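# A closer look at the structure
What follows is each chain in one-letter form.
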Amino acid sequence: MELGSEFDLDFSQLTETSDTIFSYLKEFSALYTDSGRSALRLLSGRLAGEKILAPDYICRSVTDALPKDCKVIYYSVDRRFRIDLEQLEELIRKHSARFLYLMYYFGPLQPEDTRKRIAEWKETYGLTVIEDTTHSLFTARKTVGDYCIASLRKWFPIPDGGVLYAGEKFPIPDGGMLYAGEKKEWVSQSPEYQESFFRFAGLLEEKSLCGKNAETLERGSGFLRDAETQEKKPGFWKAAETLERKPVSWKAAETLERKPVSRKAAAMILKHLFLAEGFDCNAKYREIFAEEEESLNRQKGVYGMSVLSEFLLSHFPITPMCERRRKNAAFLSKELTRLGYDIAVKAEAPEVLLALPVYAAERDRLRERLMEQRVYCAVHWPLERPAVSGDARWMEKHMISLPIDQRYGEEEMEYLLKCMEICKNEGMLS
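Model, not experiment: these values are computed from the prediction. (Residues numbered from 1 in each chain as written. Predicted model: local features only at pLDDT ≥ 70, side-chain atom pairs only at ≥ 80, totals over all residues. Heavy atoms only, no water.)

Between its first and last C-alpha atoms helix α14 (residues 318-339) spans 32 Å; for 22 residues at 1.5 Å apiece the expected length is 32 Å, and the two agree. Packed against the buried residues of α14 are α1 (21-24), β9 (342-343), β10 (356-359), β12 (399-402) and α17 (410-425). The positive-phi residue at the C-terminal boundary of α14 is G340, with phi of around 105°. (Helix = DSSP H or I, 4+ residues; strand = E, 2+ residues; numbered from the N terminus. Expected span 1.5 Å × (residues − 1). Contact = heavy atoms within 4.5 Å.)

Take a look at the structure:
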């Protein structure tokens, strides 16, 4: 059994549904991008030369996506992710900041009185709120944000995906009010290849991806072609042909050039084949995942969501996903609390958690020990700013994020609990 890390992708699990992220956000004006970073970059025209207040506990990829001439002023959050409201208001006054970056960690929202105060400050100080809903998207679509940003690839098995949305219509980038610069500066005009499902299929049929198991290639691409006749299977290819012809379904797609399908899609398929069928490609898909993440870190341009990600998101119902995450989080939170672990957030319905954050004195040892048991946990986040101190620095060193997503059921959660109990008995809890 293996838990955590990147999503795998199994086309047999796709479901015809209207219960999609697109219907979930249908009441908003939305621009679907290749990542949350691209969604944030679409606001650079508004943020250029401005001062923005951001939490001191935040991923560097967020601040790296801001314009270079945008000054970031950090405000404090405590170990339960609550904002120090008095300090925040003082910073607003002191720096005459006009923008606030608001984040809800792992699923739960900030307390109601905090949200009310921020809403009042929008009127009092002319504050514009950018609400990062990446962690809280399925707890609440929006609270006090003027603009909302989310990374969808954190929730679903898709190779790329992000969204910028707002309650009211906002100017698209060509209007010059969102993304700074002319179109040639923010749209990658020279993709290495044209967007195509057929190219994606070709990636899956490349023998170079199959390592030692090249002879079992037919099994590896079995959902594309019949194993015996090698004829194309109608389901996948029919979808491909349909999407090649259909008009794009989300706003401003003519403005944002779509992300080409990346090799990450093939890596997700290979991971599924490794987990489900023992396909000998573990090292290869891990290599591809690392290369694609580094490529995203280097990317400066802005893309729209790929055709493949749109297709996949159109076939992932969100209601069962939310229910499974709630059940997993509630079970694990209760049992880990019984063992004496410090859970950083409360797993209570109707909140939907991205992951379950846990504090441990020997966090790094705990993470390594879990890896030995094939449980791969993220760390949110390594803070790479030397001036970070207080609770933010402490959280960076003691928090680990446990996987509770829709891939897993009772058996996997029992296994994870057993692994955590072993770690406790080995002295990693305190």
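In a soluble, globular protein the nonpolar side chains are often hidden away together inside. Among the nonpolar cores identified, the biggest contains 60 residues, and Y57, F81, L336, Y341, L370 and L402 are the most heavily contacted of them. In terms of residues, this core owes the most to one element, α17, which gives 6 residues. Setting aside chain neighbours within four positions, we find Y341 in contact with L336, V358, Y359, L366, M420, C423, K424 and L429. With 45 residues, the next largest nonpolar core counts L25, V163, C281 and F316 among its residues. (Core = buried A, V, L, I, M, F, W, Y, C linked by side-chain atoms within 4.5 Å. Buried < 20%, exposed > 50% of the residue type's maximum accessible area, 1.4 Å probe, protein only.)

What follows deals with the packing of aromatic side chains. Each aromatic ring pair is specified by the distance between its two centres and by the angle formed by the two planes. Summed over the entire model, instances satisfying the criterion amount to 15 aromatic pairs. Relative to F106, the ring of F81 lies with its centre 5.6 Å away and its plane at 50°, an arrangement referred to as tilted. On the criterion of sequence distance, the pair formed by F81 in the loop between β4 (71-75) and α5 (85-95) and F106 in the loop between β5 (99-103) and α6 (112-125) is long-range, its members being 25 residues apart. Site record: aromatic cluster; members linked through ring pairs are Y24, F138, W155, F156 and F316. In this arrangement the basic side chain of R286 is found over the ring face of Y376, its NZ or CZ atom lying 4.8 Å from the centre. The ring of F7 carries R407 above its face, with NZ or CZ at 4.4 Å from the centroid. (Phe/Tyr/Trp six-rings, centres within 6.5 Å; stacked < 30°, edge-to-face > 60°. Lys NZ or Arg CZ within 6 Å of the ring centre and 35° of its normal.)

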